[in-house]
Amino acid sequence: MFGYIVVNKPELKIREFDEYKEYYCGLCHALKNNHGMKSQLCLTYDYVFLILLFTGLYEPEEIRGKEKCIVHPLRKQSVKINKFTDYVSDMGIVLTRLKCQDDWNDEKKVVKKAYGDLLKTEYEKVRKKYPEKVEIIEQCMMNISKAEKENESNIDVVSGYFGKAFEEICAVYGDEWEVSLRKTGFYLGKYVYVLDAYDDLKKDIKENLYNPFKEKWKEPDFEEQVRQILTVNAAECAREFEKLPILNEVEILRNILYSGIWTKFAAASDRRKKDEKSL
């Protein structure tokens, strides 16, 4: 369920993409500093959206600098870091470990179990730091697991559980913006779950794994059904996002919500059309 909340790079200005990448590199640096090198495998561009969202809304003080990394050992990379970089790095540990546990339970992926175990100590640190928040996210993921075991076919129900987990992450403070932040996260989380299920459909059928679309994919209007579900969730997410008084980073955020997430659907749709005959 990672890799879907990204920018549409060709539609960004060079300056905007450079800034986007600075937050990404800043998150990589924060993961290493806060949770060790092993945590850098948690890194995805999905989390950069959260940093941009909180930074644009709350406008915290930022540290800018240059850091070396394993990927770019010879040339230092520009980084941007603020207090939300640390928060998102913590939430990344939580979601990654829980996803690893889910993959082990569902598919017995030894690599995922090993990595999840590797993150256990860091996970417990974050759990002590945000006990109520992590408990809610854990419950959401347990609800997803239960729904999968019961072969729940209502995509709205099961995607809602991941939406609630993402909603909780977006609720940084109990302030006047909490409601819109929660709803932004909820509908974006639902979008991600639906798109992930759609994208994984062929693999899940082939490997006899749970997928809420298993009984629907042969319907003649299946593609349009999925598109409509995604459209509703994307529209509700954008509606709540636009209620937030964000000026900084707003063009990058809009690129993600109005274009970037749809590039992932387009790519998944193209793959499905190519694989359709083999299903």
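Refer to the structure presented above.
Let us now look at the pattern of salt bridges. Summed over all chains, the structure comprises 21 salt bridges. For Arg 239, the salt bridge goes to Glu 236, with nearest N and O atoms at 3.5 Å. Taken as a pair, Arg 239 and Glu 236 lie in helix α10 (residues 222-241) at a separation of three residues, close to a single helical turn. Arg 239 sits in the partly exposed class, given a relative accessible area of 47%. Of the residues examined, Glu 236 reaches a relative accessible area of 23% and is grouped as partly exposed. Several salt bridges share partner residues, and in doing so they unite Lys 133, Lys 164, Glu 167, Glu 168, Glu 178 and Arg 182 into one network.

Let's shift gears to the packing of aromatic side chains. Applying the stated criterion across every chain, the model contains 16 aromatic pairs. Across from the ring centre of Phe 17, 4.4 Å away, lies the NZ or CZ of Lys 9, which sits over that ring. Sitting over the ring of Tyr 123, Arg 97 keeps its end group 5.3 Å from the ring centre.

So, about the pairing of strand β2 (residues 77-81). The buried count for β2 comes to four of five residues, which makes it a mostly enclosed element. Pairing of strand β1 (residues 63-67) with β2, which is carried by five bridges, proceeds in the antiparallel orientation. Along β2, the bridge assignment pairs Gly 65 with Val 79.

Thresholds applied
Residues numbered from 1 in each chain as written. Predicted model: local features only at pLDDT ≥ 70, side-chain atom pairs only at ≥ 80, totals over all residues. Heavy atoms only, no water. Salt bridge = Lys/Arg side-chain N within 4 Å of Asp/Glu carboxyl O. Helix = DSSP H or I, 4+ residues; strand = E, 2+ residues; numbered from the N terminus. Buried < 20%, exposed > 50% of the residue type's maximum accessible area, 1.4 Å probe, protein only. Phe/Tyr/Trp six-rings, centres within 6.5 Å; stacked < 30°, edge-to-face > 60°. Lys NZ or Arg CZ within 6 Å of the ring centre and 35° of its normal. Pairing = 2+ DSSP bridges.

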